[in-house]
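As a plain string of letters, each chain reads:
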Amino acid sequence: MNARLEQLSDAWRDQVGEAAAWLRVRGFAGRVGLVLGSGLGDFVDALEDVHAVDYADIPGFRTPSVAEHRGRLVCARAAGVPVIVMQGRLHPYEGLPSTLLLLPAAVMACLGVEVAVVTNAAGGLNRHYVPGDLMAIRDQVDLHFHDALRGLFRSPLGGGAVAADVGRVGGVPHLYDPDLARCLVEAAADCGVPMHAGTYASMYGPAYETKAEIGMLRRLGCDAVGMSTAPEAVLLRRLDVAPVGLSCITNPARETGQPELSHQDVVEVGNQVRDRLARLLLAFLPRVGGAQRQ
Ligand code: HPA
């Protein structure tokens, strides 16, 4: 059996295995996984040899309730690299159990991706960030305050874990792969896309943050805030897929006196950065094989 599938708890293994088998016979395979966040789904237009299925047609998958999340799994080539793309994701605030929330990411892992680029729309906490900027996620602060992987694995620490692994993510010291994050920043410099590197705060949502929360997140040293990504990154790392995090800053985190932020505002900036994101990812993906994974 697939070594990744084998690590999952009995109940989840069947669910993930069924969806992965359904996709495998339809030709779904890839080296790199891509999760496209709010307003970023159009990156699919920059791909070649596209083959897509709606989440609604994949056994066990749920369709996202957020309108701008298309809800398709795409198998394609990006600059020659075979990729599997989640065009839209579910969010913790949609209230689904982790078995459904994390099913697409687990299935991508079981289809064999080695690296996953997890993107999101985020509010800028760092005062130097402006809407349209991109940020490589160096690390995250997960403010969901629960273990998204609870009950999803056979062993709480993973097969063969020893006491020294307690407190580590999947037995390694880093959540986001530091070499791949550096490689992403270098790719941005080479293709002329402005890029930051910083810490992502993941909030439960769905409301945007209060002034007090924004102050707290800044004091914690967070540079960007959103409502996704953290659970997927932890799952992927645990399954020995190297996560690369990429935030698209759609707005300055809201403070008193600033106009209300609508989801539509977030999506519109997402649309504006479409070209930047495409340039960056098409420059980054062919380098993935060369970067040393940790
Ligand atoms: N806060 C949380 N999530 C977001 C934001 C924000 O300001 N912008 C885009 N997603």
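Before reading on, note that the structure itself is shown above.
Being a predicted model, the structure only gives us computed values, none of them experimental.

Reading the values: rules and limits
- Residues numbered from 1 in each chain as written.
- Predicted model: local features only at pLDDT ≥ 70, side-chain atom pairs only at ≥ 80, totals over all residues.
- Heavy atoms only, no water.
- Helix = DSSP H or I, 4+ residues; strand = E, 2+ residues; numbered from the N terminus.
- Buried < 20%, exposed > 50% of the residue type's maximum accessible area, 1.4 Å probe, protein only.
- Contact = heavy atoms within 4.5 Å.
- Phe/Tyr/Trp six-rings, centres within 6.5 Å; stacked < 30°, edge-to-face > 60°.
- Lys NZ or Arg CZ within 6 Å of the ring centre and 35° of its normal.
- Near = heavy atom within 4 Å.
- Polar contact = N/O pair within 3.5 Å; in protein donor to acceptor, adjacent residues only side chain to side chain.
- Areas by Shrake-Rupley, 256 points an atom, 1.4 Å probe, with all protein chains shown as cover.
- Nonpolar A, V, L, I, M, F, W, Y, C, P; charged D, E, K, R; others polar.
- Arc of directions from axis to C-beta.
- 1 Å grid on protein atoms, 1.4 Å probe; cavity = no way out; pocket = protein on both sides within 12 Å on 5 of 7 lines; lining within 4 Å.
- Points joined across faces, edges and corners; volume = space filled by probe spheres on them.

Engineer: Describe the environment of Gln15, with residues and values.
Structural biologist: Inspection of the secondary structure assignment puts Gln15 in helix α2 (residues 10–24). Classification of Gln15 as partly exposed rests on a relative accessible area of 23%. Residues Gln15 and Leu100 lie 85 residues apart in sequence; the distance between their C-alpha atoms is 9.3 Å. In contact with Gln15, not counting residues within four places along its chain, are Thr99, Leu100 and Leu103.

Engineer: So what about the packing of aromatic side chains? Which residues, and what values?
Structural biologist: The full count for this structure, using the stated rule, is 1 aromatic pair. Here the guanidinium or amino end of Arg238 rests over the ring plane of Phe153, the centre of that ring lying 4.0 Å away.

Engineer: Tell me what's going on with the site of the ligand, and back it up with residues and numbers.
Structural biologist: The ligand sits among 12 residues. The nearest are Ala121, Gly123, Tyr208, Glu209 and Asn251. The backbone of Gly123 places a nitrogen or oxygen atom 3.3 Å from a nitrogen atom of the ligand. Expressed as a share of its isolated accessible area of 260 Å², the protein-covered part of the ligand is 95%. Put simply, the parts of the chain that give the shell around the ligand at least two residues each are β5 (115–124), β8 (224–226) and β9 (242–252). The leading source of residues in the shell around the ligand is β5, at 3 residues. The class makeup of the residues in the shell around the ligand is 7 nonpolar, 4 polar and 1 charged.

Engineer: Explain helix α8 (residues 263–272) to me, using residue names and the numbers behind them.
Structural biologist: Buried residues of α8: Val266, Val267, Val269 and Gly270, and no others. Looking straight down α8, one finds that the buried residues subtend no more than 160° of arc, so they occupy a single side. Where α8 is buried, its residues meet β5, β9 and α9 (274–284).

Engineer: Lay out empty space enclosed by the protein in plain terms, naming residues and giving numbers.
Structural biologist: Across all of its chains, the model carries 1 cavity of 30 Å³ or more by this definition. Size it by volume and the largest cavity reaches roughly 40 Å³. Class assignment for the residues of the lining of the largest cavity results in 4 nonpolar, 3 polar and 2 charged.

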